[in-house]
Amino acid sequence: MGLQPLEFSDCYLDSPWFRERIRAHEAELERTNKFIKELIKDGKNLIAATKSLSAAQRKFAHSLRDFKFEFIGDAETDDERCIDASLREFSNFLKNLEEQREIMALSVTETLIKPLEKFRKEQLGAVKEEKKKFDKETERNYSLIDKHLNLSAKKKDSHLQEADIQVEQNRQHFYELSLEYVCKLQEIQERKKFEFVEPMLSFFQGMFTFYHQGHELAKDFNHYKMELQINIQNTRNRFEGTRSEVEELMNKIRQNPKDHKRASQFTAEGYLYVQEKRPPPFGSSWVKHYCMYRKAAKKFTMIPFEHRSGGKLGDGEVFFLKECIRRHTDSIDRRFCFDVEAADRPGISLTMQAFSEEERKQWLEVLGGKEALFPSFNRAIIPRPEGSAQLDKMGFTILRKCIRAVETRGINDQGLYRVVGVSSKVQRLLSMLMDVKTCNEVDLENSVDWEVKTITSALKQYLRSLPEPLMTYELHGDFIVPAKSGSPESRVNAIHFLVHKLPEKNKEMLDILVKHLTNVSNHSKQNLMTVANLGVVFGPTLMRPQEETVAAIMDLKFQNIVVEILIENHEKIFRTPPDATLPEPGPLSAPPNAPPRQSKRQGQRTKRPVAVYNLCLELEDGDRPSPPKEDTPPSSLDSLSSPSPTTATALGHPGPDRNHLLTDGGSFGDWAPTAPSQARSSAVQWLNPQSPTTPSCSPAVTPPSPKLPPVPLSLPATVADKPPERHCCAGVIEVRFGKCGWGEVRFLTLRSVRLTCSLFSIISRKARAVYPCEAEHSSELSFEIGAIFEDVQTSREPGWLEGTLNGKRGLIPQNYVKLL
């Protein structure tokens, strides 16, 4: 039962039960006051804890932002670049989340703490003051009554009447104060219900807003998370292939280390102990040096190095060798010693000690000593033993028989080409296929004796057994170059050109195989063998390096990318000749940094993050192939092996002010091709927009921003007379000019430069949807595959275009359409 109401009429009776009811109300108010006081304290602790959590989260985000992965080799794959950038993306996500948390912490102070403190001070404090007055007046009233009743009846009537009047007035004042106090008590009991609960409601509203903002951030993050999962899966698949190759090489070197010495510029190199003589009576000391010798120049270099001192290099010494003499043990109390004499120090010899007698003999041979019984330190690369497999008519027969059997019996088998057959069965099948007498008798299409995994393993084993890989040792490095850098189109064009440089038989067999792999990837929904997975399987098979080193194994991931490009662009590469007007790709000395696949605004996510693929991420245990790609055209450049069109050939760093109207798939017919004499002749020129051979632009149009690299601007004579297209976006003018080589489209971004707009013409273009899209906002357009957009122009929102569809104008995701 709740508190009993306080009747105003009871104020005049002031009965014991009335006083009990007043005390019950007062006790309830005191309990409420203590509760609010404790709640305010807990709220302040909550704010302090929230601020501490926010500070810890920000520090965590700061640590993520500052860390950068280092990679082995001279370049990264697109997947590795995205993984590298993921830490900054995570940092930005936490930063945005903590900004919302700070807003919530401020709202707790304003909506909860201050209103409660005000209620406690103004309302409950006022009741306390009224209680003090009421208690004081009660004491005074009843003291006066006691005193009045003790008056003697013998006093004068006038004195008694005056006393009666005074008592009556005091009683009336007490009744009025009692009425006011009772009214205040009941008022505060009712007021506390909304004065207290309303701030709590505001507090929870702030909490819900914070969690809702976190939910929205998570939704925006979901697209990026899906893409990152693909990047991680691709990198993991490549890692598994690389690890097995590294372990195999390690075991080979462990079994026979001498046969795997790397080619070196030095005739001999290794550790020797050098005797350093001191004046008597100090004797001599032996110091370990790393020594290098070039026999042609007779140049001897030695550098002191001690592993136990932290591996610090000392100052090196260089001299030209005059002669080398073997030391016998009877002349020195150490084994494995020999003396060398420098040409510029006649009569002064250095005594050196090898690690073993064998090493001493090797050094004596190289240095021209007497004992030259062992072969040279610097062994030539031992070629791989040639297998019985050859690139002949029999080889083509084996390839075609295996492909027909796979496409007839197992094109939908999960893990096709990744699941290996039993080694003994594979060897038996391959030997039968390579034997002229038994090859025609083997029926792979109808026979159940040979499993599909045995056939696929035999096919791979045949390709690995060729004396030279299908894509040749000679062109191995040239194929790797475009995979490490450049735009998607330049990669395809370079590989297109190089494929047509292969010997005719190699190109013909590669054509047959890649056509088959394209068919396998088209069934990836069933067999889970996406283009990326096939690249992992066939990259090392088709492009094995001539020398087995860790550095070569680190390039496996780029071999996989080359195979992916071949599969995705099979029709173009093998059915059309390369463009003769484009320069021949050459070696790349230092590959430039290619743009990452995803284009992101720093510090802020776009409304719809890049999402080119419709992917299924539910994978089986065991061999976990990368997720299949659905509804992606085989000729699409938007693959896991190349950057997405959203970042094609943009110069400088991505930012909110870089919004390009891309020409993915567009025609370059408006521009006259450059003359052959003007074509750039190396991969450095057609992959790197900073080519030193390109003439620099006029000083009048030099971008003033120091953060952007200098951009050379030159137009051929046939192009200069023609006004370039102009694309405007948010105060940035971007000039696109004609063919620069290998279909590369270059942009010049000019900041704070005033140009006469009459020199340019804004060209509106049409576009076709290559992916379906459902609008998430009233300003966006919904469309299906194949929809044609009119009047397509760039938008102020990076990553978006504006266009008209069925009379309605709105935003279109840039990477969902192809410009016509």
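In this text the structure is predicted, and so the values were computed from the model without any measurement.

**Q** How do you make sense of the overall build of the protein chain when you look at a structure like this?
**A** Looking only at helices and strands, the protein chain has 19 helices and 17 strands in total. Classification of the 820 residues of the protein chain by burial places 47% in the buried group. Of the contacts made within the protein chain by residues no fewer than 6 positions apart, 69% connect residues no fewer than 24 positions apart. Counting only carbon and sulfur atoms, one obtains 54% of the accessible surface of the protein chain, whose full area is about 43100 Å².

**Q** Please explain unusual backbone geometry as it appears in this structure.
**A** Negative phi characterises most residues that are not glycine, and trans characterises most peptide bonds. Its identity is not glycine, yet tyrosine 417 carries a phi of approximately 75°, on the positive side. Inspection of the secondary structure puts tyrosine 417 in the loop between helix H6 (393-409) and helix H7 (423-433). Its identity as a non-glycine residue notwithstanding, aspartate 791 has a phi of 50°, on the positive side. By the secondary structure assignment, aspartate 791 is in strand E14 (residues 788-794).

**Q** Any chance you could explain the packing of H6 against helix H12 (residues 504-522) here in plain terms?
**A** Two quantities define a packed helix pair, namely the angle between the helix axes and the distance between the axes. Packing of H6 against H12 leaves a shortest axis separation of 11 Å and a crossing angle of 5°. Relative to H12, H6 is oriented roughly parallel. Across from Gly395, Phe396, Leu399, Arg400, Ile403, Val406 and Glu407 in H6, the residues of H12 making contact are Lys505, Glu508, Met509, Ile512, Leu513, His516 and Asn519. Residues of the contact of H6 with H12, tallied by class, amount to 7 nonpolar, 3 polar and 4 charged.

**Q** Please explain the sheet that holds strand E17 (residues 817-819) as it appears in this structure.
**A** In spatial order, the strands read E16-E15-E14-E13-E17; together these 5 strands make up an open sheet with antiparallel pairing. Each of the sheet's edge strands pairs with one partner strand only, and the pair in question is strand E16 (808-813) and E17. Adjacent strand axes in the sheet meet at a mean angle of 40° when their direction is disregarded. Pairing of strand E13 (residues 765-769) with E17 involves 3 bridges; the strand directions are antiparallel. Residue alanine 767 lies in a different strand from E17, and its bridge partner there is leucine 819.

**Q** Please clarify how helix H5 (residues 357-367) should be interpreted in this entry.
**A** Spacing of three or four residues puts side chains on the same side of an α-helix, whose turn is 3.6 residues. Buried residues of H5: Arg360, Lys361, Gln362, Trp363, Leu364, Val366 and Leu367, and no others. In this structure, the buried side of H5 is in contact with strand E1 (268-277), strand E2 (284-294), strand E3 (299-306), strand E5 (317-326) and strand E6 (337-342). Glycine 368 sits one or two positions beyond H5 and adopts a positive phi of about 85°.

**Q** What exactly am I supposed to notice about the packing of helix H4 (residues 157-255) against helix H16 (residues 556-568) here?
**A** Two elements in contact, H4 and H16, have axes separated by 9 Å at closest approach and are oriented at 130°. Between H4 and H16, the angle falls in the class oblique. Read as a crossing pair, H4 and H16 show a hand that is right-handed. Residues Arg238, Gly241, Thr242 and Glu245 of H4 form the contact with H16, whose participating residues are Leu556, Lys557, Asn560, Ile561 and Glu564. Across the contact of H4 with H16, the residue classes break down as 2 nonpolar, 3 polar and 4 charged.

**Q** Help me understand the pairing of E16 in this model?
**A** When a strand is regular, its side chains alternate between the sheet's two faces. Sheet analysis places strand E15 (residues 800-805) next to E16, joined by 6 bridges and oriented antiparallel. Each bridged residue has a counterpart across the sheet, and for leucine 801 the counterpart in E16 is isoleucine 812. With antiparallel pairing between neighbouring strands as the criterion, E15 and E16 make up a hairpin whose turn holds 2 residues, including asparagine 806 at a positive phi of roughly 55°.

**Q** Sorry if this is basic, but what is going on with the pattern of salt bridges here?
**A** Opposite charge on two side chains permits them to pair, given that their charged atoms come into close proximity. One pass over the full model with this rule turns up 36 salt bridges. Between glutamate 802 and arginine 809 there is a salt bridge, and its shortest N-O distance comes to 4.0 Å. Overall, glutamate 802 belongs to the partly exposed group, its relative accessible area being 28%. Judged by its relative accessible area of 35%, arginine 809 is partly exposed. Linked through salt bridges whose partners overlap, the residues forming this network are Glu28, Arg31 and Lys192.

**Q** Whenever I open this one, the packing of aromatic side chains confuses me. Can you help?
**A** For any two aromatic rings, the description comes down to two numbers: the centre-to-centre distance and the angle of the planes. Applying the stated criterion to the full structure yields 22 aromatic pairs. Ring centres 4.8 Å apart and planes at 20° place the aromatic pair phenylalanine 134 and tyrosine 181 in the stacked group. With phenylalanine 134 in helix H3 (residues 78-149) and tyrosine 181 in helix H4, this residue pair connects regions lying 47 residues apart in the sequence. Accessibility assignment for this pair places phenylalanine 134 and tyrosine 181 in one class, buried. Seen from their ring centres, phenylalanine 221 and tyrosine 224 are 5.6 Å apart, and the 55° between their planes marks the pair as tilted. With phenylalanine 221 and tyrosine 224 both in helix H4, this residue pair falls 3 residues apart, about one helical turn. A single burial state applies to phenylalanine 221 and to tyrosine 224, both of which are buried.

**Q** Any chance you could explain the nonpolar core here in plain terms?
**A** In a soluble, globular protein the nonpolar side chains are often hidden away together inside. Judged by nonpolar contacts, the single largest core of 61 residues is most densely connected at Phe479, Leu542 and Leu566. Core analysis: the second largest hydrophobic core is formed by 31 residues, Phe18, Val108, Phe134 and Phe203 among them.

**Q** I would appreciate a short explanation of the confidence of the model for the protein chain in the present structure.
**A** The predicted structure's coordinates, where accompanied by low pLDDT, should not be read in detail. Per-residue pLDDT for the protein chain has a mean of 75; in total, 74% of the residues score no lower than 70. The spread of mean pLDDT over the elements of the protein chain runs between strand E8 (residues 614-615), the lowest at 31, and H12, the highest at 94. Below pLDDT 50 for its whole length, residues 371-387 participates in 38 contacts with residues either more than four positions away or in separate chains. Low pLDDT, under 50, characterises residues 588-762; the stretch is placed with 398 contacts to residues that sit more than four places away or in other chains.

**Q** Teacher, can you tell me more about the side chain of arginine 491 here?
**A** With respect to the secondary-structure elements, arginine 491 resides in helix H11 (residues 488-499). For arginine 491, a relative accessible area of 0% translates into the label buried. Reaching out from arginine 491, the side chain makes a polar contact with the backbone oxygen of proline 482 at a distance of 3.5 Å.

**Q** Please clarify how helix H10 (residues 476-484) should be interpreted in this entry.
**A** A large share of H10 lies buried, amounting to 7 of its 9 residues. Within H10, the full set of buried residues consists of His476, Phe479, Ile480, Val481, Pro482, Ala483 and Lys484. Just beyond H10, the residue with positive phi is glycine 486, at close to 95°.

**Q** Quick question: what am I supposed to make of the environment of asparagine 506 here?
**A** Tracing the backbone through its elements, the reader meets asparagine 506 in helix H12. Taking the C-alpha atoms as reference, asparagine 506 lies 6.9 Å from methionine 471; in sequence the two are 35 residues apart. Beyond its immediate chain neighbours, meaning those up to four positions away, asparagine 506 contacts Leu391, Pro469, Leu470 and Thr472. Of the polar contacts made by the side chain of asparagine 506, one reaches the backbone oxygen of leucine 470; its length is 2.9 Å.

**Q** When you look at the environment of proline 482 in this model, what are you seeing that I'm missing?
**A** Structurally, proline 482 can be placed in helix H10. With a relative accessible area of 2%, proline 482 lands in the buried category. Separated by 10 residues in sequence, proline 482 and valine 492 place their C-alpha atoms 8.2 Å apart.

**Q** Explain the pairing of E15 to me, please; I cannot follow it from the model alone.
**A** Judged by how many residues are buried, E15 sits mostly within the fold: 5 of 6 residues are covered. Bridge count between E14 and E15: 3 bridges; the pairing is antiparallel. Counted as the bridge partner of glutamine 793 is glutamate 802 from E15. Between E14 and the antiparallel strand that follows it, E15, lie 5 residues; glycine 799 among them carries a positive phi value of about 85°.

About the criteria used
Residues numbered from 1 in each chain as written. Predicted model: local features only at pLDDT ≥ 70, side-chain atom pairs only at ≥ 80, totals over all residues. Heavy atoms only, no water. Helix = DSSP H or I, 4+ residues; strand = E, 2+ residues; numbered from the N terminus. Buried < 20%, exposed > 50% of the residue type's maximum accessible area, 1.4 Å probe, protein only. Contact = heavy atoms within 4.5 Å. Areas by Shrake-Rupley, 256 points an atom, 1.4 Å probe, with all protein chains shown as cover. Axes fitted to C-alpha atoms, helices over the stretch in contact; angles between N-to-C directions. Parallel < 35°, antiparallel > 145°, perpendicular 65-115°, else oblique. Nonpolar A, V, L, I, M, F, W, Y, C, P; charged D, E, K, R; others polar. Pairing = 2+ DSSP bridges. Left-handed = near helix turned anticlockwise from the far one by under 90°. Salt bridge = Lys/Arg side-chain N within 4 Å of Asp/Glu carboxyl O. Phe/Tyr/Trp six-rings, centres within 6.5 Å; stacked < 30°, edge-to-face > 60°. Core = buried A, V, L, I, M, F, W, Y, C linked by side-chain atoms within 4.5 Å. pLDDT = per-residue confidence, 0-100. Polar contact = N/O pair within 3.5 Å; in protein donor to acceptor, adjacent residues only side chain to side chain.

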